[in-house]
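Observations on chain architecture
Listed below, chain by chain, are the residues.
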Amino acid sequence: MKDPLVAFLRHLASEQDASPHTLRSYRADLLEFVPARRSGRNGEWLAAVDTRTVRAFLVRLHERGLDAVTIARKLAAVRSWFRFLVRRGVLERNVAREVRGPRTPQKLVSFLPIDEASVLMDAKPAGGPERGRDAAVLELLYASGLRVSELAGLDLDDVDRARQTVRVLGKGRKERIVPYGSRAASALAAHLASRGDARGPLFANRRGGRLTVRSIHSIVRRRALACGITRRVSPHTLRHTFATHLLDAGADLRMIQELLGHSRLSTTQRYAHVGTDQLMRAYDAAHPRAHAK
């Protein structure tokens, strides 16, 4: 193996269907681990790597002031690379797995309560040719819980307007069908009336190219500020709001897992945390002293 790092990145691209963003992140993280005096080619130096080498790498990251989440991500990249090298016979064991990573805080992603979500969806967007497009972007994000990259990647052919579903290509190139409601259907119909029936990106910019992830972030942020919502709102916030509102309304966790495209239920359990309203209803219904007599 002439270049173990290049071989690993090719593996991620060809066999794991990793996105360009994922490949860039892995490459940047692993280049930090590769000692500066070595090119990473031929891989002879890898045989000398032990747990002390990995711990020293984590210490350097900590001394740079990086937070625990970032350090844990970089350690995970090294573990994945070494696992690949063990399977290919380059290394005898994955020493990175023997190193304990930093304890990361359990952060709850913010979500919008129903009243704020309604204000965001019902507000009239600014005038201009993009008004209908922006309204459809917001409605579909909240109605389907799509990742922003999934929404940006939608083509007109992915939308089944009769069944009110979209065909989504998620992480790992896994395809799923996600429904959307009548409000999103109305917004999409208005958008498509001005867009036309030509094949191509469902949401396009002024030049006719595909709307980028960054542009979708800007659309959501502008609408939230225009509505007087001071907290930071992103497409991911709407994804989390979608899951939380379904859970609060009694939706099955496994159904939410399928809609979100999570491969493991544990991911959904962390993602769609129990909302305050559901906690209060459960408390009022179950606790013997919840109500004064």
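As the structure is a computational prediction, the values presented were derived from the model and not from experiment.

Right, let's get into the overall build of the protein chain. Looking only at helices and strands, one finds 13 helices and three strands in the protein chain. Contacts in the protein chain between residues far apart in sequence, at least 24 positions, make up 62% of those at least 6 positions apart. Accessible surface computed for the protein chain: about 17,600 Å², of which carbon and sulfur atoms make up 50%.

A separate point is the packing of aromatic side chains. For the structure on display, the rule yields six aromatic pairs. Taking 5.5 Å as the distance between ring centres and 50 degrees as the angle between the ring planes, the aromatic pair formed by Phe8 and Phe84 counts as tilted. Here Phe8, found in helix α1 (residues 4-14), pairs with Phe84, found in helix α4 (residues 68-87); they are 76 residues apart in sequence, far enough to count as distant. Here Trp81 and Phe82 contribute two aromatic rings whose centre-to-centre distance is 5.8 Å and whose plane-to-plane angle is 45 degrees, an arrangement assigned as tilted. Pair check on accessibility: Trp81 and Phe82 agree, each one buried. Members of the aromatic cluster, each reached through a chain of ring pairs, are Phe33, Trp45, Phe57, Trp81 and Phe82.

This part is about the sheet that holds strand β1 (residues 159-160). The three strands are arranged β1-β2-β3 in an open sheet whose pairing can be described as antiparallel. Two strands in the sheet have a free side with no partner beyond their single neighbour: β1 and β3 (175-179). Examined bridge by bridge, β1 and strand β2 (residues 165-169) share two bridges and lie antiparallel to one another. Within the sheet, the bridge partner assigned to Asp160 lies in β2 and is Thr165.

This part is about the pattern of salt bridges. What the rule picks out here adds up to 19 salt bridges. Put simply, Arg176 and Glu150 hold a salt bridge, and the shortest N to O gap is 2.9 Å. Of this pair, Arg176 sits in strand β3 while Glu150 is found in helix α7 (residues 148-152), placing the two residues 26 residues apart along the sequence. On the basis of relative accessibility, which here comes to 11%, the residue Arg176 falls in the buried class. Of the charged contacts, one joins Asp158 and Arg167 as a salt bridge, the two residues approaching to 2.8 Å between their closest N and O atoms. With relative accessibility at 32%, the residue Arg167 sits in the partly exposed group. Salt bridges sharing partners connect three or more residues here, namely Asp29, Glu32, Arg64, Arg73 and Lys74.

Now for the pairing of β3. Along a regular strand, successive side chains alternate from one face of the sheet to the other. Covered by surrounding structure in β3 are Arg176 and Val178 only, the residues Glu175, Ile177 and Pro179 on the alternate face being uncovered. Bridging between β2 and β3 involves five bridges; their strand directions are antiparallel. Each bridged residue has a counterpart across the sheet, and for Val166 the counterpart in β3 is Val178. Count of turn residues in the β2/β3 antiparallel hairpin: five residues, of which Gly172 carries a positive phi of about 70 degrees.

Okay, the nonpolar core next. Counting residues in each nonpolar core, the largest one holds 42 residues, and the members touching the most others are Leu120, Leu151, Leu202 and Phe203. Residues in contact with Leu120, not counting those within four places in the same chain, are Leu112, Leu138, Arg223, Ala224, Cys227, Ile229, Val233 and Leu238. In terms of nonpolar packing, the next biggest core, distinct from the first, is built from 28 residues, Leu12, Leu58, Trp81 and Leu91 among them.

Moving on to helix α8 (residues 182-195). In a regular helix each residue adds 1.5 Å, so 14 residues correspond to 20 Å; α8 covers 19 Å between its end C-alpha atoms and thus fits that length. When α8 is considered as a whole, its buried residues turn out to be Ala184, Ala185, Ala187, Leu188, His191 and Leu192. Taken down its axis, α8 places every buried residue within 165 degrees of arc, on the same side. Pointing more than 90 degrees away from the buried face of α8 are the exposed residues Ser182, Arg183, Ala193 and Ser194. The secondary structure elements touched by the buried residues of α8 are α6 (131-144) and β1. Of the residues trailing α8, Gly196 is marked for its positive phi of about 95 degrees.

Take helix α5 (residues 114-122) next. Taken together, the buried positions of α5 are occupied by Ala117, Leu120 and Met121. Viewed end-on, α5 has its buried residues packed into an arc of 95 degrees, placing them on one side of the element. The secondary structure elements touched by the buried residues of α5 are α6, α9 (213-226) and α10 (235-248).

Most peptide bonds take the trans form, and the phi angle of most residues other than glycine is negative. A positive phi is found at Gln164, a non-glycine position, where the angle reads about 55 degrees. Positionally, Gln164 belongs in the loop between β1 and β2. Here Gln164 falls in the partly exposed class, since its relative accessible area comes to 25%.

Right, let's get into the side chain of Gln257. As for its placement among the helices and strands, Gln257 is situated in helix α11 (residues 253-260). Not counting residues within four places of it along the chain, the set of residues in contact with Gln257 comprises His262, Ser263, Arg264, Leu265 and Thr268.

Each value, and the rule that gives it
- Residues numbered from 1 in each chain as written.
- Predicted model: local features only at pLDDT ≥ 70, side-chain atom pairs only at ≥ 80, totals over all residues.
- Heavy atoms only, no water.
- Helix = DSSP H or I, 4+ residues; strand = E, 2+ residues; numbered from the N terminus.
- Contact = heavy atoms within 4.5 Å.
- Areas by Shrake-Rupley, 256 points an atom, 1.4 Å probe, with all protein chains shown as cover.
- Phe/Tyr/Trp six-rings, centres within 6.5 Å; stacked < 30°, edge-to-face > 60°.
- Buried < 20%, exposed > 50% of the residue type's maximum accessible area, 1.4 Å probe, protein only.
- Pairing = 2+ DSSP bridges.
- Salt bridge = Lys/Arg side-chain N within 4 Å of Asp/Glu carboxyl O.
- Core = buried A, V, L, I, M, F, W, Y, C linked by side-chain atoms within 4.5 Å.
- Expected span 1.5 Å × (residues − 1).
- Arc of directions from axis to C-beta.

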